[in-house]
Protein chains: 2
Amino acid sequence: MSKLELNSNIHNYEVAFCDSFNFLDDLMNIEKKVFVIDKNVYKLYKELFKNIRKDELFLFDAIEEKKTLKTVEKIYKFLATKDAKRNITLISIGGGITQDVTGFVASTLYRGIKWIFIPTTFLAQADSCIGSKTSLNFETYKNILGGFYPPNKIFIQPDFLDTLSKKDYYSGIGEVIKFALLKESYPKDFNSIVNMVEQVKRKNDRLVTIKKTMQVKKIYIDEDEFDTGKRNLFNYGHCFGHALENSSHYEIPHGIAVIIGMIYANIVALNRSLISKDIYKFLNKKLFLPNIPIKLNIKLFDEKILLESMKNDKKRVGKDLTIVIPTDDDIRAIKVDDLTFTEFSKSYNQLLKILKLK
Amino acid sequence: MSKLELNSNIHNYEVAFCDSFNFLDDLMNIEKKVFVIDKNVYKLYKELFKNIRKDELFLFDAIEEKKTLKTVEKIYKFLATKDAKRNITLISIGGGITQDVTGFVASTLYRGIKWIFIPTTFLAQADSCIGSKTSLNFETYKNILGGFYPPNKIFIQPDFLDTLSKKDYYSGIGEVIKFALLKESYPKDFNSIVNMVEQVKRKNDRLVTIKKTMQVKKIYIDEDEFDTGKRNLFNYGHCFGHALENSSHYEIPHGIAVIIGMIYANIVALNRSLISKDIYKFLNKKLFLPNIPIKLNIKLFDEKILLESMKNDKKRVGKDLTIVIPTDDDIRAIKVDDLTFTEFSKSYNQLLKILKLK
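With that settled, the discussion passes to unusual backbone geometry. Here the residue pair Tyr186 of chain A and Pro187 of chain A is connected by a cis peptide bond, since its omega of -10° sits within 30 degrees of zero. Turning to its location among the elements, Pro187 of chain A is positioned in the loop between helix H6 (166–182) and helix H7 (190–200). Not every positive phi belongs to a glycine, and Asn143 of chain B is a case in point at roughly 55°. In this structure, Lys356 of chain B is a non-glycine residue whose phi angle is positive, near 60°. Tracing the chain through its elements places Lys356 of chain B in the segment after helix H13 (341–354). When its relative accessible area of 72% is taken as the criterion, Lys356 of chain B is described as exposed.

Structure, rendered in structure tokens:
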């Protein structure tokens with residue numbers, strides 16, 4: 001079992017990479033604990049969880065609509081009835097939504113409780129599980145609630161990925177591509193990124209890619225945990241991507257929305273003459289378009305909702321829109337706050353053409 | 001205008017001690033802001049706030065029953081409709097409840113926004129405004145929700161205290177006594193604490209006492225912001241005090257509940273032969289009993305509710321109860337986790353006698 005140590009202003013923590021499920025036995029021995037598990041994961045791996053006591057188990061539908069204060073309150077309620085208070089350990093098992101909801105609970109109950117997280121999706125394993133962020137949706141606003149609070153320990157067991165649908169698996173690939181593109185090594189070797197993405201689709205190479213992706217992320221979050229500078233650049237593909245999740249009512253999963261968001265960001269950069277047509281075309285052809293494994297529909301791209309969502313982006317600071325775009329052919333990213341509504345609309349129409357929706 | 005700098009793992013911050021209300025003019029010049037003000041404070045100081053724009057103003061009843069997620073959600077809603085997102089500044093004005101509610105909002109909206117706090121009660125000025133804690137009640141559980149998030153800046157203007165009721169003023173004195181007793185200078189000169197408490201009742205000496213109290217607190221929070229060790233000792237008077245707030249349905253204000261809680265903690269210590277009868281009697285006679293300016297009623301001391309509340313204390317770790325008690329005549333405090341139910345009950349009955357309720 002190899003390990004990765006992470007620093008945090010809240011508390012340092014550790015990722016353990018596992019090749020068996022034995023770590024679950026150790027968790028069963030924690031004295032005062034509750035498990036919060038995605039209902040779907042629980043069903044798929046019932047045998048694995050058979051020793052969990054009923055009074056220590058909270059199951060919930062880990063769907064986007066439940067990433068709310070309402071679910072959080074249900075978990076508060078479940079925990080508040082236990083004798084153990086601040087000394088309780090919350091163990092959560094699931095994907096990003098499970099992480100977001102339980103991270104919010106762990107950070108806001110008793111001013112912070114011990115939290116162990118076992119990510120079960122590619123996206124959560126390779127990306128979201130580190131970096132301390134928690135998010136909740138509020139009314140029509142996506143991810144506007146949340147703070148910074150890392151788990152105390154994370155266990156990565158890639159066998160969980162075997163039961164992911166193709167759509168969900170590719171959702172993880174979106175973030176893997178993003179981190180590979182943001183990695184600070186110049187000049188960038190895009191062909192090796194293309195190869196890595198092909199590799200990751202093969203079972204045996206998954207863990208290597210997860211580790212590589214985490215290493216890129218670690219450098220950014222070590223320097224800027226609270227996302228006030230450099231870490232902003234992780235929003236490459238996300239400014240438009242989040243809006244697209246909204247506009248598609250989450251039919252387009254996060255990572256795929258991020259891939260489309262990177263295409264969009266590159267269109268903006270191309271229009272501003274920041275990147276060359278060559279690199280723009282190469283990335284679309286080799287990295288982005290082949291990794292969108294779902295049929296897209298124009299209905300999912302409602303221009304009004306997309307614009308409205310970008311207006312409500314928590315990173316927006318002025319009257320124009322905020323977006324992270326590449327500034328050169330090495331895809332060095334910057335955040336700009338001056339994307340005008342006209343520019344938004346022009347790039348939107350170009351995107352539809354590229355996606356063959358128009 | 002003198003200043004105090006404070007360190008925090010979240011962000012460093014500063015307390016400014018003011019002798020006029022001019023600082024409000026500077027706040028009015030902040031470009032993207034909202035004010036959240038205790039309705040009562042707003043009414044009392046209407047003239048002061050006359051230039052605040054209506055669309056930048058949120059008023060609420062800062063009462064214990066509103067220290068909930070429901071109020072927090074109303075403020076989220078008010079803020080979410082503004083164009084400014086992460087770059088908005090929340091300016092809150094009021095006592096501890098206003099601080100708790102707005103601190104929770106500031107820490108959980110957009111993963112943390114800029115927050116300026118102007119405490120208007122003695123309790124909030126001398127104690128709660130520093131130390132990063134935010135708290136909400138949840139269902140019947142007091143203060144179980146919340147985290148750590150300091151304001152970016154605090155303005156202390158003691159003239160706000162002129163409109164406090166005697167009951168609320170004394171509520172601040174409770175914490176002043178606690179910090180004076182916890183100050184690490186030995187042997188302790190209790191007569192000087194008695195003098196300070198008398199002084200603080202005179203208008204001109206207030207600011208000096210507020211600064212002195214903050215200095216004691218600063219030493220503890222610099223070392224243990226996240227309350228995992230030394231800072232626990234601030235709960236001297238609070239374990240029973242919180243329970244009493246519950247049992248009295250908040251008729252007994254916080255600081256006065258803390259004074260009674262310190263009497264209770266000392267009874268436990270006396271029964272365990274940790275402190276001498278002499279010091280125990282001196283403190284009751286000179287510091288605690290003279291600073292309870294309200295008529296107490298046995299009905300406010302419901303034994304069942306008191307026990308139930310102490311069972312639900314977030315610091316409780318085992319089957320017995322948790323309490324902070326003095327270990328010697330210098331009132332060096334420790335946290336113990338072995339207060340049995342029998343001991344609880346015996347001390348409770350002794351307390352009733354001392355308060356002449358039995």
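This part is about the nonpolar core. Formed by 230 residues in total, the largest nonpolar core has its most connected members in Leu181 and Phe301 of chain A together with Leu181 and Phe301 of chain B. Ignoring anything within four residues of it in the chain, the contact list for Leu181 of chain A reads Lys188, Phe190, Ile193, Tyr236, Met262, Leu283, Leu287, Phe288, Asp330 and Ile331 of chain A.

We now examine the interface of chain A and chain B. With 41 residues of chain A at the contact, the number on the chain B side is 41 residues. Considering only the side of chain A, the residues that lose the most area to chain B are Arg86, Arg111 and Lys314 of chain A, jointly responsible for 23% of the buried surface there. The tally of links between chain A and chain B comes to four salt bridges. Note that Lys77 of chain B and Glu139 of chain A form a salt bridge whose closest N and O atoms lie 3.2 Å from each other.

Residues and elements named next belong to chain A. Strand order in this open sheet of seven strands is S1-S2-S9-S6-S5-S3-S4, and the pairing throughout is mixed. Edge positions in the sheet fall to strand S1 (2–6) and strand S4 (57–60), since each of these pairs with one other strand and no more. Within the sheet, the average angular offset between the axes of one strand and its neighbour, ignoring direction, is 15°. With two bridges connecting them, strand S6 (residues 114–119) and strand S9 (residues 153–156) associate as parallel partners. What sits directly across from Phe117, in S9, is Ile154. Along the sheet, helix H8 (residues 206–223) makes contact with S1, strand S2 (13–17) and S9, crossing S1 at roughly 15°.

For the match of chain A to chain B, the screw axis carries a shift of 0.0 Å, the RMSD comes to 0.0 Å, and the turn is 180°. Overall, the copies show the geometry of a two-fold rotation axis. Using C-alpha coordinates, one finds that chain A approaches the rotation axis most closely at Asn9 of chain A, a distance of 2.9 Å. A share of 100% of interface residues in chain A that are also interface residues in chain B marks the association as one of identical surfaces.

This part covers the environment of Ser8 of chain A. Residue and element names in this part refer to chain A. With respect to the secondary-structure elements, Ser8 resides in the loop between S1 and S2. In sequence terms Ser8 and Phe226 are 218 residues apart; their C-alpha atoms lie 9.4 Å from each other. Not counting residues within four places of it along the chain, the set of residues in contact with Ser8 comprises Tyr13, Ser132, Pro150 and Glu225. One polar contact links the side chain of Ser8 to the main-chain amide nitrogen of His11, over a distance of 3.4 Å.

The next subject is the environment of Phe234 of chain A. All names here are of chain A. Structurally, Phe234 can be placed in the loop between H8 and helix H9 (238–247). Note: C-alpha distance between Phe234 and Met196 (38 residues apart in sequence) is 19 Å. If we skip the residues at most four places from it in the chain, Phe234 touches Lys178, Phe179, Leu182, Lys217, Tyr220 and Ile221.

Further remarks concern the packing of helix H3 (residues 69–80) of chain B against helix H4 (residues 96–108) of chain B. Residue and element names in this part refer to chain B. The geometry of H3 relative to H4 is characterised by a closest axis approach of 10 Å and an angle of 55° between their N-to-C directions. Classified by the angle between their axes, H3 and H4 sit oblique to one another. As for how H3 packs across H4, the hand of that crossing is right-handed. When H3 is examined against H4, the residues Leu69, Thr71, Val72, Ile75, Tyr76 and Leu79 are found in contact with a partner set consisting of Val101, Phe104, Val105 and Thr108. By residue class, the composition of the contact of H3 with H4 is eight nonpolar, two polar and no charged.

So, on to a positive patch on the surface. All names here are of chain A. A grouping of Lys39, Lys43, Lys46, Lys66, Lys70 and Lys74 is seen on the molecular surface, where their side chains present a positively charged patch. Mapped onto the positive patch, the elements with two or more residues apiece are helix H2 (39–44) and helix H3 (69–80). If you trace the backbone, Lys46 turns up in the loop between H2 and S4.

Our next topic: the packing of aromatic side chains. Aromatic ring pairs are described here by two measures, namely the spacing of the ring centres and the angle between the planes. Residues and elements named next belong to chain A. Under the defined criterion, the tally for this structure stands at 30 aromatic pairs over all chains. Pairing Phe190 with Phe282 gives two aromatic rings, centres 6.4 Å apart and planes at 55°, and the pair type is tilted. Taken together, the residues span a long stretch of sequence, with Phe190 in helix H7 and Phe282 in helix H11 (residues 277–288) at a distance of 92 residues. When its relative accessible area of 7% is taken as the criterion, Phe190 is described as buried.

Three or four residues apart is the spacing at which side chains of an α-helix point the same way, because the helix has 3.6 residues per turn. Residues and elements named next belong to chain A. Looking at H7, one finds that the buried residues are Phe190, Ile193, Val194, Met196, Val197 and Val200. Buried residues of H7 fall within an arc of 160° about the axis and therefore sit on the same side. Here the buried face of H7 lies against helix H5 (122–128), H6, H8 and H11. Its side-chain oxygen placed 3.2 Å from the backbone nitrogen of Asn191, Asp189 serves as the N-cap of H7.

The rules behind these values
- Residues numbered from 1 in each chain as written.
- Chains lettered and ligands numbered in written order.
- Predicted model: local features only at pLDDT ≥ 70, side-chain atom pairs only at ≥ 80, totals over all residues.
- Heavy atoms only, no water.
- Helix = DSSP H or I, 4+ residues; strand = E, 2+ residues; numbered from the N terminus.
- Buried < 20%, exposed > 50% of the residue type's maximum accessible area, 1.4 Å probe, protein only.
- Core = buried A, V, L, I, M, F, W, Y, C linked by side-chain atoms within 4.5 Å.
- Contact = heavy atoms within 4.5 Å.
- Buried area = accessible area lost by both parts, 1.4 Å probe.
- Salt bridge = Lys/Arg side-chain N within 4 Å of Asp/Glu carboxyl O.
- Pairing = 2+ DSSP bridges.
- Axes fitted to C-alpha atoms, helices over the stretch in contact; angles between N-to-C directions.
- Least-squares fit on C-alpha atoms with pLDDT ≥ 70 in both.
- Polar contact = N/O pair within 3.5 Å; in protein donor to acceptor, adjacent residues only side chain to side chain.
- Parallel < 35°, antiparallel > 145°, perpendicular 65-115°, else oblique.
- Left-handed = near helix turned anticlockwise from the far one by under 90°.
- Nonpolar A, V, L, I, M, F, W, Y, C, P; charged D, E, K, R; others polar.
- Patch = residues over 30% accessible without salt bridge, like charges linked within 9 Å, V, L, I, M, F, W, Y side chains within 5 Å.
- Areas by Shrake-Rupley, 256 points an atom, 1.4 Å probe, with all protein chains shown as cover.
- Lys, Arg positive; Asp, Glu negative; His and termini not counted.
- Charge placed at Lys NZ, Arg CZ, Asp CG, Glu CD.
- Phe/Tyr/Trp six-rings, centres within 6.5 Å; stacked < 30°, edge-to-face > 60°.
- Arc of directions from axis to C-beta.

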